[in-house]
Amino acid sequence: MIERDLVIGKPGRRQEHPHCGTKQKTVHFIARKNTAYYNTAMVELRDPIAFELFKNSIFSIADEMALTVMRTTYSGVLKDNMDYSTGLADAEGRLVAQGLTLPGHLGSVPTALESVLRHYRDDMHPGDVFIMNDPFDGGMHLPDIFVFKPIYHGGERVAFACTVCHHTDVGGRVAGSNASDSTEIYAEGLRIAPLKMYEAGKINQTLMTFIERNVRLPVKVFGDLRAQLAACHIAEERFAELLAKYGHEATDLYMRETIDYAERLTRAALEKLPDGEWSFEDWIDDDGVDYGKPIRLFVTIRKTGDHMVVDWTGTNPQVKGAINNTLSFTKAASYTGIRSVLPPGIPNNEGVFRAIEVICPPGTVGNGVLPAACAARGLTGFRMVDCMFGALAMMLPDKVKAAGDGGNTGISIGGYDANRKPFVYVDFTCGAWGARPWADGLDGNSHMFANMASHSIEVTEAEEPIQLLAYEFVADKAGAGKYRGGVPFRRDYRFLEEEGTLQVRSDRRDHRPFGLYGGNPGAASENYFNPQSENRVLPGKFTMTVKKGDIFRHVLAGAGGWGDPLERDPAAVLKDVRNELLSAAKAADDYGVIVDPTRWTVDAAATVKRREEIRRARAWEVVPKVQWHDPPNPGKQAVRAAE
């Protein structure tokens, strides 16, 4: 078969691509060059309606796979948080379609599938199913388990069904397997190399027994694995229907064209963006091991014509704590940032990745090497997306939002009941978008890198020894601006068992979410232990023992604002005060708006006077691109835009 498209020529020659005019290396089109099929397939390819129908059919398969996981899974982190992804790849492992789930998994499927093919390309047969999670052999972190099923037609491999799910527990020293204070991969849980879960339709019982004996909740783990298998089975059935309708050759052609179509759209969109180079620096508070030691994220975006390079050279060396990324997750953060400024409607597949080159040196926090711990790497990935926004905001100031709440906070509570039956509760919570150049940041909405829903409080309380005492917005924490940042929320968790382990991964305590073009940074995140009694302040990342009746409170960071707060419409400020998202005192301090809370009116004359006082006091000569701390940490608010 050819490598990319039906371009006929001698091996090694470069010819004009028939659809986008680029030079492509070609190989012989096996024995079909002069067949009726070739002519028919090319005619069909030129039919935009037929292609559109096929394209949407294959996208719908990926989406149906996603719905299958949600409907059949056991774990709240999957059925509620929806921390999983599904997709279809062609016979060579090129991603053709990804379900509408997590952008955080963009780029992860090709990397993982490449590893499977590297190990098993010559030992792959109908009925085989592959499993893996090894971060150093194609995976991301240990809770994310990949299941791949090759799809065959007439004895020939034609596609792959792909799933990746975050499992509640895969063993290790801390329940939930995602503690940020582990210091090497070997403490984090069960590390599965690319292996056959099924061989010729027969389950690998040795492997399944090994998994069962090394996880705390085998019923949930196996239930979730069955959900992944069910999604792959659905994909196999639906793909067979496509083959019956279009035939093997036309289906293969259309899959290749779907990838090329995404590449053409991506390159056309990139072509319209300004050429240049932009760099941005941000900081993670610490790794949960070396407290108070900030971790640098540094990105440079270079754009020339229809190609973009995202270069993370200059990012901190890998750290002791478990927040080190794999390269695939760093790629996902990079792709997500770029996708946010491209037009909607571009498929998520290999074609997008061809136009965006991602560089991150090995041995850094964005591309850890053995024995790097990486269970809590989600934090770094989320923060890399915000770092991307910082650079993109200089490239496209009218399109990019300020920093959000810092990604998601990971909370795990695990232990054993009186009968020594284990329980593990895993929750990822986020909810404040940075302000946009045209509107306020979103309140209570998941970070775009996650696309996660919240756990149902009622279901959580029914299934876990936990009581949710509070789930509410917190006033005066959103970054002020012409458009304010998203308002964060707090949650209070009361533990109901005799003893358990609480693990928390949070950030944005010392390095608050930045505002853009005069907007203020959001307020810092907060963690408290027993807030109604001892009210002990906890660090951003920790693992600790909790007893019955203990309460943990987490308050998300507020999101950054956009634009000068003194340009905000006083009516919008009044509305926030009335909705208890902003106090009257904070309205006067940040926005210079004087609100009468008894009559719910704005004192126009006093507002004019107060705003003038604020302008004189701050003495801005130019509007700052980025607003960090007040006062900023010396040397840690670098924003380097190429001249």
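Residues numbered from 1 in each chain as written. Predicted model: local features only at pLDDT ≥ 70, side-chain atom pairs only at ≥ 80, totals over all residues. Heavy atoms only, no water.

**Examining the nonpolar core**
Threshold: Side-chain atoms within 4.5 Å are what join buried Ala, Val, Leu, Ile, Met, Phe, Trp, Tyr and Cys residues into a set we call a nonpolar core. We call a residue buried when its accessible area falls under 20% of the maximum for its residue type, exposed when it is over 50%, and partly exposed in between, using a 1.4 Å probe and counting protein chains only. Only DSSP runs of H or I with at least four residues qualify as helices, and only runs of E with at least two residues qualify as strands; both kinds are numbered from the N terminus onward. The contact rule is simple, with two residues in contact once any of their heavy atoms fall within 4.5 Å.
Of all hydrophobic cores here, the largest spans 132 residues; its most connected members are I211 and F239. Top element by residues in this core is helix α10 (residues 378–395). It accounts for 12 residues. Not counting residues up to four positions away in its chain, the partners in contact with F239 are I58, I61, L88, I151, V158, A159, T251 and M255.

**A look at the sheet that holds strand β12 (residues 307–311)**
Basically, it comes down to this: When DSSP locates at least two bridges between a pair of strands, those strands are taken to pair. All axes here are fitted lines through C-alpha atoms, helices being fitted over the stretch that makes contact, and every angle between N-to-C directions spans 0 to 180 degrees.
If you walk across this open sheet you meet the four strands as β10-β11-β12-β13, and the pairing is mixed. The open sheet has two free edges, formed respectively by β10 (276–284) and β13 (356–359), since each of these has just one partner strand. Going from strand to strand, the sheet's axes swing by 15° on average, the running direction of each strand aside. Contacting β10, β11 (295–304) and β12, α10 crosses the sheet at an angle of about 140° to β10.

**Focus: the pattern of salt bridges**
Cut-off, in case you're wondering: For this analysis, a salt bridge means a side-chain nitrogen from Lys or Arg found within 4 Å of a carboxyl oxygen belonging to Asp or Glu.
This structure, assessed with the given rule, holds 53 salt bridges. One salt bridge connects E199 with K196, and the closest N-O pair in it is separated by 3.5 Å. K196 gets classed as buried once you look at its relative accessible area, which sits at 7%. We note a salt bridge from D443 to R484, for which the minimum N-O separation is 3.1 Å. Taken as a pair, D443 in the loop between β15 (422–429) and α11 (457–463) and R484 in the loop between β16 (466–473) and β17 (489–495) lie far apart in primary sequence, 41 residues in all.

**Focus on the pairing of β17**
Regular strands place side chains that alternate from one sheet face to the opposite one. Within β17, six of the seven residues are buried, which leaves it mostly tucked inside the rest of the structure. Pairing geometry for β16 and β17, over seven bridges, is antiparallel. Within the sheet, the bridge partner assigned to I466 lies in β17 and is F495. Judged from the five bridges that link them, β17 and strand β23 (residues 551–555) form a sheet pairing that is antiparallel. Among the inter-strand pairings, R491 is bridged to a residue of β23, identified as H554.

**A look at the packing of aromatic side chains**
The following threshold applies: We call Phe, Tyr and Trp rings a pair once their centres come within 6.5 Å, taking the six-membered ring for Trp, and we label the pair stacked below 30 degrees between planes, edge-to-face above 60, and tilted otherwise.
Enumeration according to the criterion identifies 17 aromatic pairs in this entry. With a centroid separation of 6.1 Å and 35° between ring planes, the pair formed by F51 and Y254 is classed as tilted. Of this pair, F51 sits in helix α2 (residues 48–72) while Y254 is found in helix α7 (residues 248–271), placing the two residues 203 residues apart along the sequence. Here F51 matches Y254 in class, with each residue buried.

**Considerations on empty space enclosed by the protein**
To keep it simple, the criterion reads: Cavities and pockets are defined on a 1 Å grid built over the protein atoms alone: a cavity is a set of grid points where a 1.4 Å probe fits but cannot escape, while a pocket is an open set with protein on both sides within 12 Å along at least five of seven lines, and lining residues are those with an atom within 4 Å of any such point. Grid points are joined across faces, edges and corners, and a volume is the space filled by probe spheres set on the points. By the convention adopted, Pro, Cys, Tyr, Trp, Phe, Met, Ile, Leu, Val and Ala count as nonpolar, Lys, Arg, Asp and Glu as charged, and the other residues, Gly among them, as polar.
Enumeration according to the criterion identifies 11 cavities of 30 Å³ or more in this entry. Volume-wise, the largest cavity comes out at about 150 Å³. As for the largest cavity, its lining consists of 19 residues, of which D83, R377, G378, F382 and M452 are closest to the centre. A breakdown of the residues in the lining of the largest cavity according to their chemical character gives eight nonpolar, seven polar and four charged. Within this model, the second largest cavity holds a volume of roughly 100 Å³. Contributing to the lining of the second largest cavity are 13 residues, with G76, Y425, H455, E463 and E464 lying nearest its centre. For the lining of the second largest cavity, the secondary structure elements donating two or more residues are α3 (76–79), β15 and α11. By residue class, the composition of the lining of the second largest cavity is five nonpolar, four polar and four charged.

**Topic: the confidence of the model for the protein chain**
Just so we agree on the cut-off: Values of pLDDT, which run from 0 to 100, indicate the predictor's confidence residue by residue.
Chain-level pLDDT for the protein chain is 89 on average; 90% of the residues reach the 70-or-more range. Residue range residues 1–40 is modelled with pLDDT below 50. Its contacts to residues more than four positions away, or to other chains, number 75 contacts. The model gives residues 630–643 a pLDDT under 50, and that stretch makes 27 contacts with residues more than four places away or in other chains.

**What to know about the sheet that holds strand β18 (residues 499–505)**
Taking strand neighbours across the sheet as the criterion, the four strands line up as β15-β14-β18-β22 in an open arrangement whose pairing is antiparallel. Here the strands that pair on one side only, and so sit at the sheet edges, are β15 and β22 (541–547). Within the sheet, the average angular offset between the axes of one strand and its neighbour, ignoring direction, is 15°. The sheet contact formed by strand β14 (residues 409–416) and β18 spans six bridges and is antiparallel. If you follow G415 over to β18, its bridge partner there is G500.

**Quick notes on the environment of K245**
In this fold, K245 is placed in helix α6 (residues 218–246). The exposure class assigned to K245 is exposed, which follows from its relative accessible area of 59%. Residues K245 and L327, 82 residues apart in the sequence, show an inter-C-alpha distance of 39 Å.

**Details of the side chain of R377**
In this fold, R377 is placed in the loop between β13 and α10. Those residues in contact with R377, other than ones at most four positions away along the chain, are M140, H141, D144, A322, I323, N324, N325 and F329.

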